[in-house]
Amino acid sequence: MPSSAEELRELLDIESIDVNLFRGRQPDTELQRVFGGQVAAQALIAAARTIDPSFSVHSLHSYFLRPGDTAVPIVYDVETLRDGRSFATRRVVARQHGRPIYLLSTSFQVFEEGLEHQDAMPEVPGPEDSLSLAEVVRSRNPEAVRTPDDEKWEREWAALDVRYVGNSSAGGVAEDPSRPARAQLWVRVAGELPDSPLDQVAAFTYASDMTLIGATLVPHDRYVGSPGMQVASLDHTIWFHRPFRADRWWLFDQHSPRAAGGRGLALAKVYSEDGTLVATVAQEGLIRQH
């Protein structure tokens with residue numbers, strides 16, 4: 001996986017190989033399958049490359065169809081569904097080995113002013129007062145000797161700075177018995193990205209797939225990587241409300257309203273540090289016990 005903001009930017013800088021056809025590179029990784037956030041971000045870039053720059057993405061809806069192969073590039077085929085004066089819509093199919101692995105529908109809009117309201121940002125400790133995700137993983141077995149696998153995990157995710165505020169099981173978030181599955185994190189890209197809004201939203205899309213399934217496991221004393229758990233992203237949706245920078249801190253306020261049938265649904269409100277609700281994310285994931 002990319003180990004810096006620069007490597008993340010290079011990973012998302014896909015290659016144009018024909019009209020509405022693009023190829024995405026793979027990072028140096030020891031993961032067994034392509035990270036979902038990577039294919040979602042590359043597909044978003046592919047769609048945006050076919051849109052007039054006066055349009056900005058306001059929503060994306062996607063399905064993860066098959067595990068991606070980290071050993072070969074991914075081809076992104078973009079279909080133009082609509083080009084209007086205010087909105088434009090694209091569909092993207094990501095393929096490997098001749099088969100679709102991911103499907104994206106995404107909509108773009110020319111900026112306009114309108115009615116506004118938002119939910120208030122919850123009161124939480126700042127990122128400087130929260131544990132790094134590496135420290136949280138380590139705390140699950142504090143007596144264990146640090147291993148090469150620990151160092152490998154930290155290298156894989158070095159492009160992102162993640163600070164864990166807490167969850168509704170272990171504490172650290174406000175008590176709310178009506179919502180038993182909550183988790184809050186501060187996240188940012190660990191370094192500077194270009195000012196381009198597309199670079200920023202693509203990097204956010206990449207990061208947005210990292211922790212959501214974990215929220216669905218909070219009440220069950222499980223976590224991604226728990227023995228006997230099969231975990232995978234099934235679908236992923238983002239609504240972008242206002243421009244923001246992925247390389248500045250944003251709060252990922254996550255909760256899971258339901259888990260059933262081997263699946264868990266997670267929702268997240270995304271706030272910039274000044275309290276602006278800038279995006280909303282939804283994901284359903286496989287949380288199957290063996």
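About the thresholds
Residues numbered from 1 in each chain as written. Predicted model: local features only at pLDDT ≥ 70, side-chain atom pairs only at ≥ 80, totals over all residues. Heavy atoms only, no water. UniProt positions renumbered as here; feature names shortened; annotations may be inferred. Helix = DSSP H or I, 4+ residues; strand = E, 2+ residues; numbered from the N terminus. Buried < 20%, exposed > 50% of the residue type's maximum accessible area, 1.4 Å probe, protein only. Axes fitted to C-alpha atoms, helices over the stretch in contact; angles between N-to-C directions. Parallel < 35°, antiparallel > 145°, perpendicular 65-115°, else oblique. Contact = heavy atoms within 4.5 Å. Nonpolar A, V, L, I, M, F, W, Y, C, P; charged D, E, K, R; others polar. Core = buried A, V, L, I, M, F, W, Y, C linked by side-chain atoms within 4.5 Å. Pairing = 2+ DSSP bridges. Polar contact = N/O pair within 3.5 Å; in protein donor to acceptor, adjacent residues only side chain to side chain. 1 Å grid on protein atoms, 1.4 Å probe; cavity = no way out; pocket = protein on both sides within 12 Å on 5 of 7 lines; lining within 4 Å. Points joined across faces, edges and corners; volume = space filled by probe spheres on them. Expected span 1.5 Å × (residues − 1). Phe/Tyr/Trp six-rings, centres within 6.5 Å; stacked < 30°, edge-to-face > 60°.

An unreviewed UniProt entry lists the chain under the name Acyl-CoA thioesterase 2, with Nocardioides daedukensis as the source organism. Per UniProt, the chain has the following entry under Subunit (unreviewed entry): "Homotetramer." The heading Catalytic activity (unreviewed entry) in the UniProt record of the chain holds the text "a fatty acyl-CoA + H2O = a fatty acid + CoA + H(+)".

## Concerning unusual backbone geometry
Outside of glycine, negative phi angles account for most residues, and trans bonds account for most peptide bonds. Despite not being glycine, Asn20 has its phi angle at roughly 60°, a positive value. Structurally, Asn20 can be placed in the loop between strand 1 (15-18) and strand 2 (21-24). A relative accessible area of 25% means that Asn20 is categorised as partly exposed. Of note, the phi angle at His97 is positive, near 55°, even though the residue is not glycine. Residue position: His97 is located in the loop between strand 5 (87-96) and strand 6 (99-110).

## Looking at the packing of helix 1 (residues 5-12) against helix 5 (residues 197-208)
Closest axis-to-axis distance for the helix 1/helix 5 pair is 11 Å, and the angle between their directions is 100°. Here helix 5 runs roughly perpendicular to helix 1, going by the angle between their axes. Along the contact surface, helix 1 presents Leu8, Arg9, Leu11 and Leu12, while helix 5 presents Asp199, Ala202, Ala203 and Tyr206. Split by residue class, the contact of helix 1 with helix 5 holds six nonpolar, no polar and two charged.

## A closer look at the nonpolar core
Counting residues in hydrophobic clusters, the biggest one holds 66 residues, and the most contacted among them are Val39, Tyr76, Tyr102, Phe204, Tyr206 and Trp250. Sorting elements by how many residues they give to this core places helix 2 (residues 36-48) first, with nine residues. When residues no more than four places from it in sequence are discounted, the contact partners of Tyr76 are Asn20, Leu21, Phe22, Gly24, Gln38, Val39, Gln42, Ala43, Ala46, Val92, Val93 and Ala94. Core analysis: the second largest hydrophobic core is formed by six residues, Val165, Trp186, Leu251 and Tyr271 among them.

## Considering the UniProt feature "domain: Acyl-CoA thioesterase 2 C-terminal" (unreviewed entry) in the chain
Those residues carrying the UniProt feature "domain: Acyl-CoA thioesterase 2 C-terminal" (unreviewed entry) are residues 182-286 in this numbering. Secondary structure over residues 182-286 splits into 17% helix and 49% strand, and the C-alpha atoms at its two ends are 18 Å apart.

## Structural notes on the pairing of strand 13 (residues 277-289)
Two strands pair when backbone bridges link them, and strand 10 (residues 229-240) and strand 13 are joined in this way by 11 bridges, in the antiparallel orientation. Directly across from Val231, in strand 13, lies its bridge partner Ile287. Examined bridge by bridge, strand 12 (residues 263-272) and strand 13 share nine bridges and lie antiparallel to one another. Residue pairing in the sheet places Tyr271 in a bridge with Leu277 of strand 13.

## Considering the side chain of Ser226
Tracing the chain through its elements places Ser226 in the loop between helix 6 (212-217) and strand 10. Given the relative accessible area of 6%, Ser226 is considered buried. In this structure the side chain of Ser226 is engaged in a polar contact, spanning 2.8 Å, whose partner is the backbone nitrogen of Tyr223.

## Comments concerning the layout of surface pockets
Its boundaries defined by the atoms lining it, the second largest pocket holds a volume of some 1100 Å³. Lining the second largest pocket are 35 residues; nearest its centre among them are Val57, Phe240, His241, Arg242 and Pro243. Elements represented by at least two residues in the lining of the second largest pocket include exactly strand 3 (55-64), strand 6 and helix 5. For the lining of the second largest pocket, the class distribution of residues is 16 nonpolar, 11 polar and eight charged.

## Comments concerning helix 2
Taking 1.5 Å per residue, 13 residues should reach 18 Å; helix 2 reaches 18 Å between its end C-alpha atoms and fits that length. Burial analysis of helix 2 places 13 of its 13 residues in the buried class, the great majority of the element.

## Concerning the packing of aromatic side chains
Tallying each qualifying case throughout the model produces seven aromatic pairs. Judged by centre distance (5.0 Å) and plane angle (80°), the ring pair of Phe35 and Trp157 falls under edge-to-face. Here the residue Phe35 occupies a position in the loop between strand 2 and helix 2, and Trp157 occupies one in the loop between helix 4 (148-156) and strand 8 (160-167), the gap between them amounting to 122 residues. For the pair Phe35 and Trp157, one class covers both residues: buried. Measuring from ring centre to ring centre gives 4.8 Å for Phe204 and Trp250, while their planes differ by 70°; the resulting arrangement is edge-to-face. Note that Phe204 is positioned in helix 5 and Trp250 in strand 11 (residues 250-260), a separation of 46 residues in sequence. The same class applies to Phe204 and to Trp250, which are both buried. An aromatic cluster is built from Phe204, Phe240, Phe244, Trp250 and Phe252, whose rings are joined through pairwise contacts.

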